[in-house]
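Remarks on the overall topology
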Amino acid sequence: MAEPAMQLKNLKKTIKKKPIIKGLNFDIYPGEVFGFLGPNGAGKTTTIRMMAGLMKMTEGDVIIQGKSVKKDFKDAIRHVGGIVENPEMYPFMSGWKNLLHYSRMMPGISKERMEEVVALVGLEKRIKEKVSKYSLGMRQRLGIAQALLHNPSILILDEPTNGLDPAGIREVRRYIRQLAEHQGVAVIVSSHILSEMEMMCDRIGIIKNGELITIQTVKDTVQQTDRNELHLEVDETEKVKGYLKEWGNEDVKTENGYLIISVTREQIPVVIRQLVEKGVNIYGANVHHSTLEDKFLDLIGEGAIE
Amino acid sequence: MSNFFQLVRNEQMKLYSQTATWVMYGILAVLVIGFAIVLKVNGDVNGGDYGGNWEKALQEENAQLEKQMKENEFAGDYATQQIALNEYRIEHDIAPGGYNIWDFVQENQSNAAIISLFTIIVAAGIIANEFKWGTIKLLLLRPISRTKILFSKYVSVLVYAITMLVFLLILAVICGAIFFGIEQSAQPYLYYQDGTVQEMPMIQLVSIKYFLGSVNLVMMASFAFMISAVFRNSSLAIGIAIFLMMAGNSIVMFFADYDWSKFILFANTDLTQHIIGTPMNEDLTLSFSVTVLLVYFVIFLTLAWAAFTKRDVANA
Ligand SMILES: Nc1ncnc2c1ncn2[C@@H]1O[C@H](COP(=O)(O)OP(=O)(O)O)[C@@H](O)[C@H]1O
Ligand SMILES: [Mg+2]
């Protein structure tokens, strides 16, 4: 694999003696979208603030393109573009002036580049208007535009879909995928909404109470959850249970008069055919996909916020 | 360095994109023009007109003053100075002029207090507002050190203050010329110092007054800037700075009996006392005042710097 674009090394943060981030270790690679998933208060924003140099690290370090954020802030952070929490812009200036403001803070950003990012996020028509007249979605897009101005190799977006409608979310997903796939940008996206993460990320790190619980590649999770729950409405449930166990389905549950077994997609017709051959009356059969959501909830547990 | 210049440009752009900034210029313009109209209409400005035989008039005035001095020992200081000034005029043939453009420009220096007020408001907001708006996060997420960003903001406050002073000066010159004319504007300014009468071109007096008058402005702006950086709250910074500015002289008076009162900031902010006047306390030399001011200045900026560069951006 390529060199990591960003590395978290035993990153810790303690605020007023309370440990908020308890030692995060992971690498993010060029061209991947890394999802940082966790319930509200898990510590996503705090971690991102440390990555961005807004908060000091209590312990550990963040290495960006080989440079330490702690020791070599300017050389590390020049590779980063981002939004932290809300896309706050200067409301009394136009979108264009906001971009001009940020373009002056980094060398070599031309008017053409500014126009390019405006076009990328589709704000051409409204860019001369004051930001105070923008909707949240437009501000979110302007936020992404300013983050991309200097062609960063790492893009950090904290809850970029917050407050967006489904169309807006789809659009953000499209930019993000495009940046990662076509320009090799390493994108870090945080969210507390799993379904969004599943759709845009290559890997998802789940954080709870300041600790990383697991990192899963999205393909993995799809395979692992490729088991379906088959709900069967039959009479003579005890007899049927016996057949099922005989055929290797050890884990048979009964719920509201339904028998529930866990099977792969291929097994569904086989099981039904075998039951019919045994003369079992099947009054109904439903298939439930166990989602990553269930898995997520399993992983973080109920009452995830301490 | 060009980088720093761009940061200052940014700050100016943000400042002048806000309506409040233009309102400040509007208020200042109304004050200057209004003052000119009031003076003109009330006609106070002709008080210094002695008519054709000014020498005789001044001699009479001196005789009057000498009589007063004999009758009343407390009339001393003012009378001695006035007599000396009048005699100097007669000797050097410098007629006391009527009210003209320079008098108006000079009097308008008092509007520096208004500019101080506005500069305090700007200085108090320039850091605190970034926190209030939440824009501080994106501002600091750039390959630029916090120190540089802080000083670009400080320099921006000074640029704003200077721009306002220049605006005041130009407006006062224009209004002065229109309302009070430019006749006799070449006459020098006479003042009494160390027992003798001194002469100074009016334009020099105006420059000195405007320049030295800005010392107080710069100190109060630096103070507000520091509070803004430390507490990240503009209302607090405005409140404390304006209170101190208003109460400054009273504070000095209140503690005047103590020896350490000369170290109070406000005992030193009026540098004009050393140049065209007599300081209230003989320990207060020009170099002493400048040293005290520099110490305060360094303390303010160091505190602002420490607060801005060392602390987490946690709640913005
Ligand atoms: N400045 C702060 N002072 C004290 N506690 C804080 C501060 N900032 C965040 N926290 C706490 O840290 C935890 C993580 O917060 P945050 O990083 O904002 O979570 P997330 O972004 O995942 O919702 C929360 O429990 C929050 O209360
Ligand atoms: Mg958050």
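Values in this document were obtained by computation on a predicted structure and should not be read as measured data.

Calculation rules
Residues numbered from 1 in each chain as written. Chains lettered and ligands numbered in written order. Predicted model: local features only at pLDDT ≥ 70, side-chain atom pairs only at ≥ 80, totals over all residues. Heavy atoms only, no water. Phe/Tyr/Trp six-rings, centres within 6.5 Å; stacked < 30°, edge-to-face > 60°. Helix = DSSP H or I, 4+ residues; strand = E, 2+ residues; numbered from the N terminus. Buried < 20%, exposed > 50% of the residue type's maximum accessible area, 1.4 Å probe, protein only. Near = heavy atom within 4 Å. Polar contact = N/O pair within 3.5 Å; in protein donor to acceptor, adjacent residues only side chain to side chain. Nonpolar A, V, L, I, M, F, W, Y, C, P; charged D, E, K, R; others polar. Expected span 1.5 Å × (residues − 1). Contact = heavy atoms within 4.5 Å. Salt bridge = Lys/Arg side-chain N within 4 Å of Asp/Glu carboxyl O. Axes fitted to C-alpha atoms, helices over the stretch in contact; angles between N-to-C directions. Parallel < 35°, antiparallel > 145°, perpendicular 65-115°, else oblique. Left-handed = near helix turned anticlockwise from the far one by under 90°. pLDDT = per-residue confidence, 0-100. Domains from an automatic or database assignment. Pairing = 2+ DSSP bridges.

**Comments concerning the packing of aromatic side chains**
All names here are of chain B.
- Inspection of every chain in the model, using the stated rule, returns 23 aromatic pairs over all chains.
- The interplanar angle of 25° and the centroid separation of 5.6 Å between the aromatic rings of Phe35 and Phe104 together place this pair among those described as stacked. Of this pair, Phe35 sits in helix 2 (residues 19-42) while Phe104 sits in helix 5 (residues 101-107), and the two are 69 residues apart along the sequence.
- Phe35 sits in the partly exposed class, given a relative accessible area of 28%.
- Joined through ring pairs, the aromatic side chains of Tyr16, Trp22, Tyr25, Tyr160 and Phe167 make up one cluster.

**Concerning the site of ligand 1**
- Residues in close proximity to ligand 1 include A:Ile15, A:Ile20, A:Pro39, A:Asn40, A:Gly41, A:Ala42, A:Gly43, A:Lys44, A:Thr45, A:Thr46, B:Ala314 and B:Asn315, which together make up its full environment.
- One chain alone does not account for the residues near ligand 1; they come from chains A and B.
- Interatomic distance of 3.3 Å between a backbone N/O atom of A:Ala42 and an oxygen atom of ligand 1.
- In this structure, an oxygen atom belonging to ligand 1 sits 2.6 Å away from a side-chain N or O atom of A:Thr45.
- Sort the elements by how many residues they give to the shell around ligand 1 and helix 1 (residues 44-51) of chain A lands first, with three residues.
- Residues of the shell around ligand 1, tallied by class, amount to five nonpolar, six polar and one charged.

**With respect to helix 6 (residues 166-183) of chain A**
Residues and elements named next belong to chain A.
- A rise of 1.5 Å per residue sets the reference length of helix 6, with its 18 residues, at 26 Å; its end C-alpha atoms lie 25 Å apart and thus fit the reference within 8%.
- Buried-residue contacts for helix 6 involve strand 3 (33-37), helix 4 (111-120), helix 5 (136-148), strand 7 (154-158), strand 8 (186-191) and helix 7 (194-200).
- Positioned one or two residues after helix 6, Gly184 has a phi angle of 65°, which is positive.

**Examining the pattern of salt bridges**
- Under the defined criterion, the tally for this structure stands at 18 salt bridges over all chains.
- In this structure, the salt-bridge partner of A:Glu181 is A:Arg177, at a minimum N-O distance of 2.9 Å. Of this pair, A:Glu181 and A:Arg177 both sit in helix 6, separated by four residues, roughly a single helical turn.
- A network of salt bridges, in which partner residues are shared, links B:Glu11, B:Lys14, B:Glu130 and B:Lys153.

**Describing the packing of helix 3 (residues 95-103) of chain A against helix 4 of chain A**
All names here are of chain A.
- In contact at an axis separation of 11 Å, helix 3 and helix 4 are set at 130° when each is read in the N-to-C sense. Relative to helix 4, helix 3 is oriented oblique. The interaxial crossing formed by helix 3 with helix 4 has right-handed handedness. Taken together, the residues of helix 4 that come into contact with helix 3 (itself represented by Trp96, Leu99, Leu100 and Ser103) are Lys111, Met114, Glu115, Val117 and Val118.
- Tallied by class, residues from the contact of helix 3 with helix 4 come to six nonpolar, one polar and two charged.

**Things to note about the confidence of the model for chain A**
- Per-residue pLDDT for chain A has a mean of 87; in total, 91% of the residues score no lower than 70.
- The secondary structure element of chain A with the lowest average pLDDT is helix 8 (residues 218-224) of chain A, at 58, and the one with the highest is helix 3 of chain A, at 97.

**A few points about the domain arrangement of chain A**
- Its domain assignment divides chain A into domain 1 (6-222) and domain 2 (226-288).
- With centres defined by C-alpha atoms, the gap from domain 1 of chain A to domain 2 of chain A works out at 46 Å.

**A short note on the pairing of strand 9 (residues 203-208) of chain A**
Residues and elements named next belong to chain A.
- Counted residue by residue, strand 9 has five buried out of six residues, so it is predominantly covered.
- Two elements, strand 3 and strand 9, share four bridges in a ladder whose sense is parallel. By the bridge assignment for strand 9, Gly35 is matched with Ile204.
- Where strand 9 meets strand 10 (residues 211-217), six bridges bridge the pair, whose relative direction is antiparallel. Bridge pairing links Lys208 to Glu211 in strand 10.
- Between strand 9 and strand 10, which follow one another and run antiparallel, lie two residues, and Asn209 among them has a positive phi close to 45°.

**Here we look at the packing of helix 8 (residues 146-180) of chain B against helix 13 (residues 286-310) of chain B**
Residues and elements named next belong to chain B.
- Their axes nearest at 10 Å, the elements helix 8 and helix 13 cross at an angle of 135°. Taken together, the axis directions place helix 8 and helix 13 in an arrangement best described as oblique. The two elements helix 8 and helix 13 cross, and the hand of that crossing is right-handed. Seen from helix 8, the contacting residues are Arg146, Thr147, Ile149, Leu150, Phe151 and Tyr154; seen from helix 13, they are Phe297, Leu301, Ala304, Trp305, Phe308 and Thr309.
- Residue classes in the contact of helix 8 with helix 13 are distributed as nine nonpolar, two polar and one charged.

**Points about the sheet that holds strand 8 of chain A**
Residue and element names in this part refer to chain A.
- Strand order in the open sheet formed by six strands is 6-7-8-3-9-10, with mixed pairing between adjacent strands. Pairing within the sheet leaves two strands with one partner each, and these edge strands are strand 6 (80-83) and strand 10. Neighbour to neighbour, the strand axes of the sheet diverge by 15° on average, direction disregarded.
- Pairing between strand 6 and strand 7: four bridges, direction parallel.

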